[in-house]
Amino acid sequence: MSTIFSKIINKEIPADIVFETDTILAFKDVNPQAPVHILIIPKVEIPKVTDIIVKEHDGLLGEMIDAANKLAKEMGIAEDGFRLVFNCGDKGGQEVYHLHLHLLGGRQMKWPPG
Ligand code: 5GP
């Protein structure tokens, strides 16, 4: 089932897009939890981590990590450190069922994450 992120991919609703290729999109989180909070998503609809088929999606996942590293450098948080998060399912805190990698940085992260 399509989510609000499909509307962002299709440019039906606005988002602050910071990176785009044919296969992935990165945009600022509308409700940032850190000075830098970017969502990196595949354009193809994969609802959640447990729907990833590694043999099929490994290239896509690599592109998402590459994008995270590139954006972390651009945002000036690569050296200090940052956090990458996939929330999966209700107890994982997932709200939008279109796979997304959170890139969070610009402040000290805590553990446990809560
Ligand atoms: P989840 O809890 O599913 O891992 O994260 C979903 C994230 O998407 C949340 O951090 C939320 O703030 C963000 N989000 C939800 N709707 C929108 C939207 O319409 N635009 C943007 N830019 N972010 C959104």
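Residues numbered from 1 in each chain as written. Predicted model: local features only at pLDDT ≥ 70, side-chain atom pairs only at ≥ 80, totals over all residues. Heavy atoms only, no water.

1. A word on the site of the ligand
Here is step 1: Contacts to the ligand come from 16 residues, most closely from Asp 29, Asn 87, Glu 95, His 100 and His 102.
Here is step 2: Measuring from a nitrogen atom of the ligand, one finds a backbone N or O atom of Val 30 at 3.3 Å.
Here is step 3: Contacts to the ligand include His 102, whose side-chain N or O atom sits 2.8 Å from an oxygen atom.
Here is step 4: Here the ligand, which alone exposes 520 Å², has 84% of that area covered by the protein.
Here is step 5: Spatially, the ligand is embedded in the largest pocket.
Here is step 6: Sorting the residues of the shell around the ligand by element identifies helix H1 (4-9) and strand E2 (24-28) as the ones contributing at least two each.
Here is step 7: Here the element with the most residues in the shell around the ligand is H1; it accounts for three residues.
Here is step 8: Of the residues that constitute the shell around the ligand, the class distribution is seven nonpolar, six polar and three charged. (Near = heavy atom within 4 Å. Polar contact = N/O pair within 3.5 Å; in protein donor to acceptor, adjacent residues only side chain to side chain. Areas by Shrake-Rupley, 256 points an atom, 1.4 Å probe, with all protein chains shown as cover. 1 Å grid on protein atoms, 1.4 Å probe; cavity = no way out; pocket = protein on both sides within 12 Å on 5 of 7 lines; lining within 4 Å. Sits in = over half its atoms within 2 Å of the grid points. Helix = DSSP H or I, 4+ residues; strand = E, 2+ residues; numbered from the N terminus. Nonpolar A, V, L, I, M, F, W, Y, C, P; charged D, E, K, R; others polar.)

2. Some thoughts on the sheet that holds strand E5 (residues 101-105)
Neighbouring strands of a sheet are bound in pairs by backbone hydrogen bonds; such pairs are parallel or else antiparallel.
Here is step 1: The five strands are arranged E1-E2-E3-E5-E4 in an open sheet whose pairing can be described as antiparallel. Across the chains shown, the open sheet's two edge strands, defined by having one partner strand only, are strand E1 (17-20) and strand E4 (82-85). Taking the axes of each pair of neighbouring strands and ignoring which way they run, one obtains an average angle of 20° across the sheet.
Here is step 2: Sheet topology note: the E2/strand E3 (residues 36-42) ladder contains five bridges and is antiparallel. Of the residues in E3, the one forming a bridge with Ile 24 is Pro 42.
Here is step 3: Set on the sheet, helix H2 (residues 54-74) makes contact with E1, E2, E3, E4 and E5; between it and E3 the angle comes to about 160°. (Pairing = 2+ DSSP bridges. Axes fitted to C-alpha atoms, helices over the stretch in contact; angles between N-to-C directions. Contact = heavy atoms within 4.5 Å.)

3. Comments concerning the environment of Glu 74
Here is step 1: Tracing the chain through its elements places Glu 74 in helix H2.
Here is step 2: Overall, Glu 74 belongs to the partly exposed group, its relative accessible area being 48%.
Here is step 3: Distance from Glu 74 to Pro 47, taken between C-alpha atoms, is 28 Å for residues 27 residues apart in sequence. (Buried < 20%, exposed > 50% of the residue type's maximum accessible area, 1.4 Å probe, protein only.)

4. Examining the pairing of E2
Here is step 1: For E2, the buried fraction is high: four of the five residues fall into the buried class.
Here is step 2: Bridge analysis of E1 against E2 gives three bridges, and the strand direction is antiparallel. Following the sheet pairing, Glu 20 is matched in E2 by Leu 25.
Here is step 3: Between the end of E1 and the start of E2, which pair antiparallel, lie three residues.

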